Amino acid sequence: MSESENVEKSVEFPETDYVEDGQNKLIIKCKYCTSKILDKKSAKYITQEKDLPLMQQDKNKEGEVQSEKINQFYHVENMYTFENIGFTHTVANHKYLSCADCDAGPVGYYDMDTKHSYVALSRVEHI
Amino acid sequence: MAKKTYDLLFKLLLIGDSGVGKTCILFRFSDNHFTTTFISTIGIDFKIKTVELRGKKIKLQIWDTAGQERFHTITTSYYRGAMGIMLVYDITNEKTFDDIVKWLRNIDEHANEDVEKMILGNKCDMEEKRVVSKERGEALAKSNINIERAFSELAEAILDKTAGREADADAARIAVERRPSRAPPARACCS
């Protein structure tokens, strides 16, 4: 597989379908209970590679957090921009974001220094 | 600066004995035999919810006691800035209902005197195991309403108090601001 194919593959959500004027084109909801997380056009689309813990953790691998690399995020500068969202307790200068209604997550993370939030496109529903 | 997307911000607390299901009030994304959810391991600090009341878009920032209730005292720092408090008991556990009185005393001692209070009997789908009778519970608490509804009612009571005051650009300030003095009607009780 060539390098370019690799890059292509990592962009799971094509910008043309999900991004408009650099922002989320669609309403963002929870994948499991459809609780509304963000209004359309309320967050900035960015690409950055970040490790995000998996929603379900294998009980046999206690003490080690299983995570995956995620490249596409919505950047939310003010936490009150969220319609509905949960913030976990702080772990290593981050809070993780979860659905406010069913606690599914992490759907993203919150940086304690910048106070900015990042929602992973792959962890939410677009409507 | 980003445009303001809401009118008001209310800071609310959830209080009650541990085990009353303050967190299981909401349907949980659940654990199973082989996997555990990352979120339940770390625990939720607070939530932001949006409600619309009287044409106003209101952001609720809801804090759980995060285990502090084990010491049966919650101190001033936790209550700081709280505009509304939801007291929760478990309808299947008599003691949690009796302890509501202790929590009310704790609130009187530490919280701002005009904080809005509401008492809620939590079901957690265990109606058949109810020990605090509806009649007894209803004299004191809201029942037969779900938590969403309860938060809306609590927000509405705060809205009555804060009528006329709009959120300004610095939203964070609103959470710790409030109108001084005024007798606190314990609205949830006996209404």
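Conventions adopted
- Residues numbered from 1 in each chain as written.
- Chains lettered and ligands numbered in written order.
- Predicted model: local features only at pLDDT ≥ 70, side-chain atom pairs only at ≥ 80, totals over all residues.
- Heavy atoms only, no water.
- Helix = DSSP H or I, 4+ residues; strand = E, 2+ residues; numbered from the N terminus.
- Rg over C-alpha atoms; globule rule 2.2 N^0.38 Å.
- Buried < 20%, exposed > 50% of the residue type's maximum accessible area, 1.4 Å probe, protein only.
- Contact = heavy atoms within 4.5 Å.
- Areas by Shrake-Rupley, 256 points an atom, 1.4 Å probe, with all protein chains shown as cover.
- Lys, Arg positive; Asp, Glu negative; His and termini not counted.
- Charge placed at Lys NZ, Arg CZ, Asp CG, Glu CD.
- Phe/Tyr/Trp six-rings, centres within 6.5 Å; stacked < 30°, edge-to-face > 60°.
- Buried area = accessible area lost by both parts, 1.4 Å probe.
- Salt bridge = Lys/Arg side-chain N within 4 Å of Asp/Glu carboxyl O.
- Polar contact = N/O pair within 3.5 Å; in protein donor to acceptor, adjacent residues only side chain to side chain.
- Pairing = 2+ DSSP bridges.
- pLDDT = per-residue confidence, 0-100.

A. Spatial organisation of the overall build of chain A. Scanning chain A from terminus to terminus reveals two helices and 12 strands. Written out in order from the N terminus, the α and β elements of chain A read α-α-β-β-β-β-β-β-β-β-β-β-β-β. Taken against the 2.2 N^0.38 rule, which gives 14 Å for 127 residues, the C-alpha radius of gyration of chain A at 15 Å falls within 12% of a compact globule. Taken along its principal axes, the extent of the C-alpha atoms in chain A is 40 × 40 × 30 Å. The buried share of chain A, reckoned over its 127 residues, is 45%. Once local pairs closer than 6 in sequence are excluded, the contacts in chain A between residues at least 24 apart make up 50%. Surface exposure of chain A reaches about 6,400 Å², of which carbon and sulfur atoms provide 45%. Charged side chains in chain A number 15 positive and 22 negative. The centres of these two groups are separated by 4 Å.

B. Representation of the packing of aromatic side chains within the structure. Across all of its chains, the model carries 11 aromatic pairs over all chains by this definition. Aromatic pair Phe73 of chain A and Tyr109 of chain A: ring centres 5.9 Å apart, planes at 85°, arrangement edge-to-face. Here the residue Phe73 of chain A occupies a position in strand 7 (residues 67-76), and Tyr109 of chain A occupies one in strand 10 (residues 108-111), the gap between them amounting to 36 residues. Between Tyr89 of chain B and Phe97 of chain B the ring centres are 4.6 Å apart and the planes differ by 65°, which places this aromatic pair in the edge-to-face class. Note on Tyr89 of chain B: relative accessible area 2%, which makes it buried. A residue is classified by how much of its surface remains accessible, and Phe97 of chain B, at 7% relative accessible area, is buried.

C. Representation of the interface of chain B and chain A within the structure. Across the contact, 30 residues belong to chain B and 33 residues belong to chain A. With both chains or domains summed, chain B and chain A bury close to 2,800 Å², and 56% of this area falls on carbon and sulfur atoms. Put simply, chain B and chain A have six salt bridges between them. Of the charged contacts, one joins Lys95 of chain A and Asp45 of chain B as a salt bridge, the two residues approaching to 2.7 Å between their closest N and O atoms. In this structure, the connection of chain B to chain A is made through 16 residue pairs in polar contact (both at pLDDT 80 or more). Counting residues per element, the ones that place at least two in the side of chain B that touches chain A are strand 2 (35-37), helix 1 (38-42), strand 3 (44-53) and strand 4 (56-63) of chain B. Take the side of chain B that touches chain A: its biggest share by element is seven residues, from strand 3 of chain B. With three bridges joining them, strand 6 (residues 56-58) of chain A and strand 2 of chain B adopt antiparallel strand pairing.

D. Spotlight on the confidence of the model for chain B. Residues and elements named next belong to chain B. Residues at a pLDDT of 70 or more form 59% of chain B, whose mean pLDDT is 73. At the low end of the mean pLDDT range in chain B sits helix 7 (residues 171-176), at 41; at the high end sits strand 4, at 93. Scored below 50 in pLDDT, residues 166-191 makes 53 contacts in the model with residues more than four places away or belonging to other chains. Interface predicted TM-score (ipTM) for the complex: 0.90; the corresponding pTM is 0.79.

E. Structural context of the pattern of salt bridges. On inspection of all chains with the given rule, the structure shows 20 salt bridges over all chains. Between Asp39 of chain A and Lys36 of chain A there is a salt bridge whose closest N-O contact spans 3.0 Å. Classification of Lys36 of chain A as partly exposed rests on a relative accessible area of 25%. One salt-bridge network, in which partners are shared between bridges, spans Lys36, Asp39 and Glu83 of chain A together with Lys57 and Lys59 of chain B.

F. View of the side chain of His126 of chain A. Along the chain, His126 of chain A falls in strand 12 (residues 125-126). For His126 of chain A, the side chain forms a polar contact with the side chain of Tyr74 of chain A, separated by 2.9 Å.

G. View of the pairing of strand 9 (residues 94-98) of chain A. Residues and elements named next belong to chain A. The buried count for strand 9 comes to four of five residues, which makes it a mostly enclosed element. Here strand 8 (residues 85-88) pairs with strand 9 via two bridges, running antiparallel. The partner of Phe87 across the bridge, within strand 9, is Leu97. The antiparallel pairing of strand 8 with strand 9 creates a hairpin that spans five residues between the two strands, and Ala92 there sits at a positive phi of about 45°. Of the strand pairs in this sheet, strand 9 and strand 10 are connected by four bridges, and their pairing is antiparallel. Paired with His94 across the two strands is Asp111, which belongs to strand 10.

H. How the structure looks around the sheet that holds strand 4 (residues 36-38) of chain A. All names here are of chain A. With antiparallel pairing, the three strands of this open sheet are ordered in space as 4-3-12. Looking at which strands have only one partner, the edges of the open sheet turn out to be strand 4 and strand 12. As paired elements, strand 3 (residues 28-29) and strand 12 share two bridges and run antiparallel to each other. The residue of strand 12 that forms the bridge with Ile28 is His126.

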